[in-house]
Amino acid sequence: MLAKHAAEAREWRLDELLDAPGRFGDFSLRCDAPRGAALLLDFSRQRLSGETPGLLKALAEARGLDAARAALFAGEVVNPSENRAALHPDARAANPVNALLTEQRERVGAFARRFRAGEVPGAGSRPLTRVVNIGIGGSDLGVRLLCSALGDANSRPVDFVAEMDGVELERALSRSDPAETLFVLCSKSFSTAETLANAYSARHWLTAALGEDAPARHIAAVSANAEAMAAWGIAPDMAFLMPDAVGGRYSIWSAAGLSAWLSLGSACMNEFLDGGRWMDRHFLEAPLEAGMPVLLGLLAFWNQSLLEHSTQLLLPYDTRLKWLPAYLQQLEMESLGKSVDAHGLPLKGKGVAALLGVTGSSAQHSIMQWAQQGARASSADFIAVRDGGGAYPRMHSEALRQMLAQAEALARGLPQSAIASDPLASHKALPGGRPSNLLLLERLDPWHLGALIALYEHKVFVQATLLGVNPFDQWGVEHAKRLAADPLSQPPLAKLLDD
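None of the values given here were measured: they were computed from a predicted structure.

## A closer look at the packing of aromatic side chains
Phase 1: Applying the stated criterion across every chain yields a total of 11 aromatic pairs.
Phase 2: When the centroid spacing of 5.8 Å and the interplanar angle of 90° are considered together, the rings of Phe-27 and Phe-43 count as edge-to-face. With a gap of 16 residues between them, Phe-27 in the loop between helix H3 (23-26) and strand E1 (28-32) and Phe-43 in the loop between strand E2 (38-42) and helix H4 (52-62) connect regions that are remote in the sequence. Considered together, Phe-27 and Phe-43 belong to a single accessibility category, that of buried residues.
Phase 3: Aromatic ring contacts, followed pair by pair, group Phe-190, Tyr-200 and Trp-232 into a single cluster.

Right, here's the structure in full:
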């Protein structure tokens with residue numbers, strides 16, 4: 001029935017749907033929270049009729065979303081290929097069930113308070129003041145996003161080193177005084193090639209400047225592998241643990257967020273956790289038709305699996321969220337980029353869309369040409385902040401007007417008949433009919449950012465449940481890593497690179 005409905009929906013005119021009386025009221029959802037916090041989802045520009053939400057809800061019920069959601073929060077095995085639970089909701093809980101999460105959050109908070117008070121001395125007794133975070137993927141993108149979005153004059157300076165080519169490391173070291181620099185190595189397995197390559201170079205830099213004993217006071221680490229940290233020489237009081245059952249792309253809520261705690265402070269990070277756990281309660285308690293993560297997941301499935309939009313755009317209209325597209329690319333594409341279901345059987349259909357993203361104003365001068373006129377239609381999520389809170393409120397308002405104009409142009413298009421007198425009418429016409437969501441945060445603070453990240457985590461979980469895939473493994477990234485470590489498997493070009 002839903003497939004037949006989707007076939008009919010492809011023929012609907014989105015501009016006509018938009019002009020129906022009460023369209024915004026029928027196809028928007030507002031979530032109000034304590035202290036004036038709020039999120040508003042406008043999905044009126046989706047290719048939906050009044051019948052569609054009920055059909056999608058019925059699909060969610062048939063695919064067992066209620067039971068899957070309950071299993072996730074009960075700590076049951078939801079990652080069958082690795083026989084693990086997924087403990088990221090517990091990592092942000094007020095009182096985690098997992099004792100390791102409680103213990104390590106207390107240790108991280110205490111260490112951050114000491115560091116920010118100038119009470120963590122380096123090898124030469126001067127206090128450590130600057131952080132260099134060395135990690136990649138989930139050990140990098142989350143802390144980058146938080147520090148970029150929430151950093152202010154009270155934040156401690158932090159550099160990020162992820163790439164293996166040495167450029168980021170060289171730039172970070174050029175800005176750092178060895179006597180005042182703390183390195184945070186973050187790797188769940190403590191075997192990640194890129195992270196260890198940068199870590200060895202950082203250790204050599206420290207020992208050359210401060211002596212062989214310096215790394216014990218200047219290098220902290222976060223991992224699920226305590227033995228590997230100890231073998232590498234991480235001092236016990238500088239080694240922080242995360243559970244195996246917290247996946248890398250979900251790990252910002254755990255001790256893997258250490259660099260953000262050091263830079264932003266405990267008060268900020270506790271508010272961030274509070275926003276995430278509020279979204280957890282909303283996801284658990286709201287009826288399916290009134291749950292924002294459920295709605296986002298259903299809409300993504302509708303657009304990608306049923307209407308066959310092969311690309312999803314993520315366009316934040318706030319410079320502070322410039323790292324959000326990269327963060328959500330990893331979350332969505334590593335979680336949902338599967339061609340078999342949780343039982344190892346081939347997926348029906350084409351799976352999920354590729355996610356592309358950049359800050360909205362920049363997108364208007366790059367990928368929006370493709371989005372507005374390209375031969376392959378995409379869907380989009382626009383994300384904005386109502387209260388920009390900056391020194392230039394008029395500029396912020398103008399950016400939001402630009403965003404609304406882009407969303408309207410995607411949906412309504414520009415018919416060639418409307419500009420028939422223009423000799424370039426065929427070049428200037430826009431097809432329209434391209435759906436989008438508009439997600440508006442009341443303001444950008446730690447609470448709202450926590451709620452936003454948890455919202456998309458649960459949206460991915462909903463979409464995975466509808467698809468039948470395991471969103472918590474990532475076997476597709478493992479094979480090439482093994483090839484890179486095996487000289488016998490290298491192609492001829494690799495030998496030329498070594499010459």
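The rest of the description comes next.
## With respect to the nonpolar core
Phase 1: Judged by nonpolar contacts, the single largest core of 131 residues is most densely connected at Leu-146, Leu-185, Ile-234, Leu-449 and Tyr-456.
Phase 2: If you tally residues by element for this core, the top one is helix H21 (residues 446-467), at 14 residues.
Phase 3: Those residues in contact with Ile-234 that sit more than four places away from it in its chain are Leu-185, Phe-190, Ile-219, Ala-221, Met-229 and Ala-239.
Phase 4: Judged by nonpolar contacts, the second largest core, of 14 residues, contains Ala-371, Met-403, Ala-407 and Leu-438.

## Quick look at the sheet that holds strand E8 (residues 311-316)
Phase 1: On the basis of which strands lie adjacent, the open sheet formed by six strands has the order E1-E2-E11-E10-E8-E9 and mixed pairing. In this open sheet, the two strands that pair with only one neighbour each are E1 and strand E9 (354-357). The sheet shows a mean angle of 15° between the axes of neighbouring strands, taken without regard to direction.
Phase 2: In this structure, E2 lies alongside strand E11 (residues 436-443), joined through four bridges in antiparallel fashion. From the neighbouring strand, Leu-39 faces E11, where its bridge partner is Leu-441.
Phase 3: Sitting on the sheet, H21 is in contact with E2, E8, strand E10 (379-387) and E11, with an inclination near 155° to E11.

## Thoughts on the pattern of salt bridges
Phase 1: Counted by the stated rule, this structure contains 30 salt bridges.
Phase 2: Put simply, Arg-69 and Asp-66 hold a salt bridge, and the shortest N to O gap is 2.6 Å. Placement of the pair is Arg-69 and Asp-66 together in helix H5 (residues 65-73), with a separation of three residues, close to one helical turn.
Phase 3: On the accessibility criterion, Asp-66 (41% relative accessible area) is partly exposed.
Phase 4: One salt bridge connects Arg-320 with Asp-318, and the closest N-O pair in it is separated by 2.8 Å.

## What to know about the side chain of His-448
Phase 1: Counting through the fold element by element, His-448 comes out in helix H21.
Phase 2: Judged by its relative accessible area of 0%, His-448 is buried.
Phase 3: One polar contact links the side chain of His-448 to the main-chain carbonyl oxygen of Arg-443, over a distance of 3.4 Å.
Phase 4: Apart from the residues lying within four places of it in its own chain, the contact partners of His-448 are Ala-37, Ala-38, Leu-441, Glu-442 and Arg-443.

So, how was this worked out
- All chains use their own residue numbering, which begins from 1 and follows the written sequence.
- Where totals are concerned, whole chains, interfaces and linings use all residues; where local detail is concerned, this predicted model gives features only for residues with pLDDT of at least 70, and gives and counts side-chain atom pairs only at 80 or more.
- Side-chain figures throughout are based on the complete set of non-hydrogen atoms in the structure, without hydrogens or water.
- Only Phe, Tyr and Trp rings are paired, with Trp represented by its six-membered ring, and only when their centres lie within 6.5 Å; those with planes under 30 degrees apart are stacked, over 60 edge-to-face, the remainder tilted.
- Strands here mean DSSP runs of E at least two residues long; helices mean DSSP runs of H or I at least four residues long; both are numbered from the N terminus.
- Categorising residues by exposure relies on relative accessible area from a 1.4 Å probe, with only protein chains included: less than 20% of the type maximum marks a residue as buried, more than 50% marks it as exposed, and the intermediate range marks it as partly exposed.
- Only buried residues count toward a nonpolar core. Its members are Ala, Val, Leu, Ile, Met, Phe, Trp, Tyr and Cys residues joined through side-chain atoms within 4.5 Å.
- Contact between two residues is taken to exist if any of their heavy atoms lie within 4.5 Å; hydrogens are not considered.
- Strand pairing is defined by DSSP finding a minimum of two bridges between the two strands.
- Fitted lines through C-alpha atoms serve as axes, helices being fitted only where they are in contact, and the angles separating the N-to-C directions of these axes extend from 0 to 180 degrees.
- For this analysis, a salt bridge means a side-chain nitrogen from Lys or Arg found within 4 Å of a carboxyl oxygen belonging to Asp or Glu.
- N or O atoms closer than or at 3.5 Å make up a polar contact, with two conditions inside protein: a donor-capable atom paired with an acceptor-capable one, and, for residues adjacent in sequence, both atoms drawn from side chains.

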